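Residue-level listing of the chains:
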Amino acid sequence: MQILQAGDHQVLMQYGANEMDIKLNFRAQALQQALSGEPVAGIRETAVGFRSVLITFDPSSISRTSLLDELVEREESVPNLDSLVLQSRTVTMPIAFDDAMTRAAVERYRISVRSDAPNVRDGDNIDYIVHCNGLLSREDFYDTFTDATWWTAFIGYFPGLPFLYSLDPCTQLSAPKYNPARMWTAEGCLALGGPCVAIYPMSVPGSYQLFGRTLPVWNRVFSADPADDVPAPAAARSNVLRTADRVNFSRVSEPELLAMRLEVFEGTYSYPAAHDNFVVSEYLKGIAPLTSVAESIAGKRHIAASRAEIP
């Protein structure tokens, strides 16, 4: 763990090497939850990244030296992975694959930005994702995506934008990004960039490969849950998802999704979410027998990716 200066009023606590190791995120999540459970006077905000926690503090309330002492003490109090339990929820979200708004974003890009991009030749990005991952078909991709449980590693870049990573080593997916970026993406679209799935919280530019749409995830009051152990800060109450949530996606038709979205805007839809703490040791024990199979799948996908044309 390193503590780095990140501004006049910020420090960054960073874990491990610059690699995609989900265990580093578990550690960062644990630190943020420790700081939420036992707040340090003078800390205004904490924000988790994939392997880091950004801390914003008030220098008039706590000196940098005292802050560092408090942070080191909190970090040393966090249990090791073999005894770490994270506050978590399991959230179920619908997804309509290859919907009209996703195709509209791809088509607008093809017409106005880059008509020869290899990821837009079929009117969407789905066949490109299939090709990059060595999958058999679109249905193979859809099944792989919905079979996975997705871990909310962090939220940011745009307000309320969740970055999701598969917890199943056998369902790891990956795709390169657009080049150049898209100038418009519809709110609620899902997209894959590298090993990460993002849900766009508003109509914004983007560069991940689009494949479907879900419900709104930001800019409404979602977190009035009496079962919460720690009250969510104001910003988090505008998000459907929170860091350390596990997300399962259920496939629906586009008309079904549109009906659910109408219920959200009318205020009658209830997002299914169950509190269920995440025991890291049980997770690591559960995936250990999958190592050889996951390595074989990863090898095949690496070959497929090497044969795919990069945008």
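Everything that follows concerns the structure shown earlier in this document.
Residues numbered from 1 in each chain as written. Predicted model: local features only at pLDDT ≥ 70, side-chain atom pairs only at ≥ 80, totals over all residues. Heavy atoms only, no water.

### Details of the packing of helix H1 (residues 22–37) against helix H2 (residues 64–77)
A pair of packed helices is characterised by two quantities: the angle between their axes and the separation of those axes.
Reasoning step 1: Running from amino to carboxyl end, H1 crosses H2 at an angle of 115°, the nearest separation of the two axes being 9 Å. Where H1 crosses over H2, the two elements pack in a sense that is right-handed. The segment H1 lies against H2, with Arg27, Leu31, Ala34 and Leu35 engaging Leu71, Arg74 and Glu75.
Reasoning step 2: Partitioned by chemical class, the residues of the contact of H1 with H2 number 4 nonpolar, no polar and 3 charged. (Axes fitted to C-alpha atoms, helices over the stretch in contact; angles between N-to-C directions. Helix = DSSP H or I, 4+ residues; strand = E, 2+ residues; numbered from the N terminus. Left-handed = near helix turned anticlockwise from the far one by under 90°. Contact = heavy atoms within 4.5 Å. Nonpolar A, V, L, I, M, F, W, Y, C, P; charged D, E, K, R; others polar.)

### Some words on helix H6 (residues 254–266)
Reasoning step 1: Counted at 1.5 Å a residue, the expected span for H6 with its 13 residues is 18 Å, and the 18 Å between its end C-alpha atoms agrees.
Reasoning step 2: Looking at H6, one finds that the buried residues are Leu257, Arg261 and Val264. All buried residues of H6 fall inside an arc of 50° around its axis, so they share one side. Along H6, exposed side chains directed more than 90 degrees from the buried face belong to Pro255 and Glu266.
Reasoning step 3: Buried-residue contacts for H6 involve strand E6 (89–97) and strand E13 (209–213).
Reasoning step 4: One or two positions beyond H6, positive phi appears at Gly267, with a value near 80°. (Expected span 1.5 Å × (residues − 1). Buried < 20%, exposed > 50% of the residue type's maximum accessible area, 1.4 Å probe, protein only. Arc of directions from axis to C-beta.)

### Some words on the sheet that holds strand E3 (residues 43–48)
Reasoning step 1: Here we have 4 strands laid out as an open sheet, ordered E1-E2-E4-E3, and antiparallel in their pairing. Either end of the sheet is taken by a strand with one partner, and the two such strands are strand E1 (2–7) and E3. Between one strand and the next, the sheet's axes are offset by a mean angle of 20°, whatever the strand orientation.
Reasoning step 2: Relative to strand E4 (residues 52–57), E3 runs antiparallel, the two being bridged by 5 bridges. (Pairing = 2+ DSSP bridges.)

### Brief notes about the packing of aromatic side chains
Reasoning step 1: Going through the model one piece at a time under the given rule, you end up with 20 aromatic pairs.
Reasoning step 2: On the basis of an interplanar angle of 55° and a centroid distance of 5.3 Å, the ring pair of Phe26 and Phe278 is categorised as tilted. Placement of Phe26 in helix H1 and of Phe278 in strand E16 (residues 278–279) is noted, with a sequence separation of 252 residues between them.
Reasoning step 3: Its relative accessible area of 5% is what places Phe278 among the buried residues.
Reasoning step 4: Ring geometry for Phe145 against Phe211: centres 5.0 Å apart, planes inclined by 65°, an arrangement best described as edge-to-face. With Phe145 in helix H5 (residues 138–147) and Phe211 in strand E13, this residue pair connects regions lying 66 residues apart in the sequence. Side by side, Phe145 and Phe211 carry an identical accessibility label, which is buried.
Reasoning step 5: An aromatic cluster is built from Phe97, Phe141, Tyr142, Phe145, Trp150, Phe211 and Phe249, whose rings are joined through pairwise contacts.
Reasoning step 6: Sitting above the plane of the Trp184 ring, Arg108 keeps its charged end 4.1 Å from the centroid. (Phe/Tyr/Trp six-rings, centres within 6.5 Å; stacked < 30°, edge-to-face > 60°. Lys NZ or Arg CZ within 6 Å of the ring centre and 35° of its normal.)

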